[in-house]
Every structure is written in structure tokens, then in C-alpha cells.
Amino acid sequence: MKLVSKSLADQVYDLVKDEILSGKIPCGSKISEDSLASQFGVSRTPIREALKRLSTYGLVQMEPRSHSSVISLSKKESDDIAEFRIYLENFAIDHINEESFKNNLETICRYASDCQYALAIGNRAKSFELDSMFHLALVGVSDNSAMKDVYERLDAKIQLLRVAQNENNEELSSYLSQHMQLIELLKSGKKEDAKNLMYEHIMHNKNKE
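Residues numbered from 1 in each chain as written. Predicted model: local features only at pLDDT ≥ 70, side-chain atom pairs only at ≥ 80, totals over all residues. Heavy atoms only, no water.

Student: Sorry, what's going on with the overall build of the protein chain here?
Tutor: The helix and strand tally for the protein chain stands at ten helices and three strands. Ordered by position from N to C terminus, the α and β elements of the protein chain give α-β-α-α-β-β-α-α-α-α-α-α-α. The C-alpha atoms of the protein chain give a radius of gyration of 18 Å, which matches the 17 Å a tight globule of 209 residues would have. Principal-axis analysis of the C-alpha atoms places the extent of the protein chain at approximately 55 × 40 × 35 Å. In the protein chain, which comprises 209 residues, the share counted as buried stands at 45%. If you take every contact in the protein chain between residues at least 6 apart in sequence, the share linking residues at least 24 apart comes to 71%. Just so you have it, the protein chain exposes about 11000 Å², and 48% of that area is on carbon and sulfur atoms. The protein chain carries 27 positive and 32 negative side-chain charges, and their two centres are separated by 5 Å. (Helix = DSSP H or I, 4+ residues; strand = E, 2+ residues; numbered from the N terminus. Rg over C-alpha atoms; globule rule 2.2 N^0.38 Å. Buried < 20%, exposed > 50% of the residue type's maximum accessible area, 1.4 Å probe, protein only. Contact = heavy atoms within 4.5 Å. Areas by Shrake-Rupley, 256 points an atom, 1.4 Å probe, with all protein chains shown as cover. Lys, Arg positive; Asp, Glu negative; His and termini not counted. Charge placed at Lys NZ, Arg CZ, Asp CG, Glu CD.)

Student: Quick question: what am I supposed to make of the layout of surface pockets here?
Tutor: Taking a probe equal in size to a water molecule and rolling it over the atoms shows the remaining empty space. Taken as a whole, the second largest pocket holds about 190 Å³ of empty space. Residue lining of the second largest pocket: twelve residues in total, with Leu 15, Asp 18, Glu 19, Ser 22 and Lys 24 positioned closest to the centre. Among the elements of the structure, α1 (8-21), α2 (33-40) and α6 (124-140) are those that each provide at least two residues to the lining of the second largest pocket. Element by element, the count of residues in the lining of the second largest pocket is highest for α1, at three residues. Within the lining of the second largest pocket, the residues separate by chemical class into four nonpolar, four polar and four charged. (1 Å grid on protein atoms, 1.4 Å probe; cavity = no way out; pocket = protein on both sides within 12 Å on 5 of 7 lines; lining within 4 Å. Points joined across faces, edges and corners; volume = space filled by probe spheres on them. Nonpolar A, V, L, I, M, F, W, Y, C, P; charged D, E, K, R; others polar.)

Student: Which parts of the structure should I look at to understand the side chain of Ser 132?
Tutor: Tracing the backbone shows Ser 132 in helix α6. Taking relative accessible area as the criterion, Ser 132 reaches 2% and is therefore assigned buried. For Ser 132, the contacting residues outside a window of four places in its chain are Asp 155, Gln 159 and Arg 162.

Student: Which parts of the structure should I look at to understand the packing of aromatic side chains?
Tutor: The description of an aromatic ring pair rests on the distance of the ring centres and on the angle between the ring planes. Under the criterion given, the structure shown has one aromatic pair. Taking 6.3 Å as the distance between ring centres and 5 degrees as the angle between the ring planes, the aromatic pair formed by Phe 84 and Tyr 87 counts as stacked. On the criterion of helical spacing, the pair formed by Phe 84 and Tyr 87 is a turn pair, its members being three residues apart in helix α4 (residues 75-94). In this arrangement the basic side chain of Lys 17 is found over the ring face of Tyr 57, its NZ or CZ atom lying 4.3 Å from the centre. The cationic tip of Arg 53 hangs over the ring face of Tyr 13; the distance from NZ or CZ to the ring centre is 3.8 Å. (Phe/Tyr/Trp six-rings, centres within 6.5 Å; stacked < 30°, edge-to-face > 60°. Lys NZ or Arg CZ within 6 Å of the ring centre and 35° of its normal.)

Student: Any chance you could explain the state of the cysteines here in plain terms?
Tutor: Two cysteines joined by a covalent bond between their sulfur atoms form a disulfide. Applying the stated rule across the entire model yields zero disulfides. Cysteine Cys 27 shares no disulfide, and the gap to the nearest cysteine sulfur, in Cys 115, comes to 20 Å. What makes Cys 27 partly exposed here is its relative accessible area of 28%. Free cysteine: Cys 115, not disulfide-bonded; nearest cysteine sulfur from Cys 109 at 11 Å. A residue is classified by how much of its surface remains accessible, and Cys 115, at 0% relative accessible area, is buried. (Disulfide = S-S within 2.5 Å.)

Student: So what exactly am I meant to see when it comes to the confidence of the model for the protein chain here?
Tutor: The predicted coordinates should not be examined in detail at positions where pLDDT is low. For the protein chain, the mean per-residue pLDDT works out to 86, and 94% of the residues sit at or above 70. Within the protein chain, helix α5 (residues 98-120) carries the highest mean pLDDT (95), whereas helix α10 (residues 204-207) carries the lowest (54). (pLDDT = per-residue confidence, 0-100.)

Student: Looking at this model, I keep getting lost on the sheet that holds strand β1 (residues 30-31). Mind explaining?
Tutor: Backbone-to-backbone hydrogen bonds join strands into a sheet, with any given pair of strands oriented parallel or antiparallel. Strand order in this open sheet of three strands is β1-β3-β2, and the pairing throughout is antiparallel. What marks the edges here is a single partner per strand, and that holds for β1 and β2 (60-62). With respect to the sheet, helix α3 (residues 44-57) is in contact with β1, β2 and β3 (68-70), its orientation differing from that of β2 by roughly 115 degrees. (Pairing = 2+ DSSP bridges. Axes fitted to C-alpha atoms, helices over the stretch in contact; angles between N-to-C directions.)

Put into C-alpha cells, the structure is as follows:
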């Protein structure tokens, strides 16, 4: 694949990010700058720039004068992330600004439908990104800027957790369909029901154990 663009680093960033989130580059695996340069038909300079951005985002760990690798989450880290997500999103539900929710409802609904569409056409990486955008938008309507900032910094690890769960498309589709259920509960003011569903939504993998 040859890249033709004034911003090669941006394109490499998007492509490598997609390969990580689709599972083509597994969590914990080393990333070869030479291999990526050969794969995309570019020099190592945009590769390094892209990897630095992915490191800042939180998907890649760069070792000085060594190699880069996709971040891998331990079971403890995965459990901690899930528990903290429940706390943050339940807080957001309890503190939803009704006017902000109404003003952003169209966007939230679009994210909910678009992530299912992305999965239906086989683009899991895009589906995961849109899933994150849905939750970030939901957290955003609480009008608590500090919480939104914390959630944004946690987002990369949440996406890695989705990849590591490695659910099949049928399971993932069922999980994504809960977005619209959450929206309907919030529209009806049923916050406790929404929080119960949010727990199931986030902890779904554990419920199967």
C-alpha cells in the first residue's frame, strides 16, 4: 500500500491505529519501524512521528533506542478500568444536564447507530472508535469538564480492553445494541434502570463467567 499525501504521518497514524484496534497488531506485540515503512512505502520519519502520537494517545509504548510495542493490559488493570468506568458513567447519568442531553441527543444517537453499521460492514476498528465516541458524548452531557477530561485520558485503554475481549461479531452486536436502550431509558428519566444496564453493558464479559 503506497501513501500519497502531504501528511504521511497522519495517514500512518490512522492506519496503524486501525490495525491495533482491529486486532491485526495484537496487544503486547512489538512494532517494527522498518516493516511499517516497507508496508506503507514511506521513510521511517513519518513512522516515528505516528508512533509518538500513538504513544501519547496511549496505545503504544516506546522504548528509548529500542523498539515500540502495543500496550498490553493485565487482568488487574482490565478489572480496574471496568470498575472505574462504571463509577464515571454512573456519575454522569446521575448528573446529566437535561438541556445538554437534548441538545446533543442527535449526535449521541448517530454514534449509537454508526458503530453498529461499522460492525455490520466488517470495520471493527471503526466500530470501537465510534463506541468510544458514544460514551464520551454521554459523559459530556453531565457538563462536568473534569470528569470528561479523566475519561478522555482513559479512552485508549478502554479501546485496548475491547480488543482484548475478542468477542465474535454476534456478541459484539448485542453489546452495541444496548446503546439505544440506554438512550431510551435516559429519555424517559429512568436513571436507576440506565445505571443497571450500564453495569451490564460494561461488565458483560464477566457475566458470562
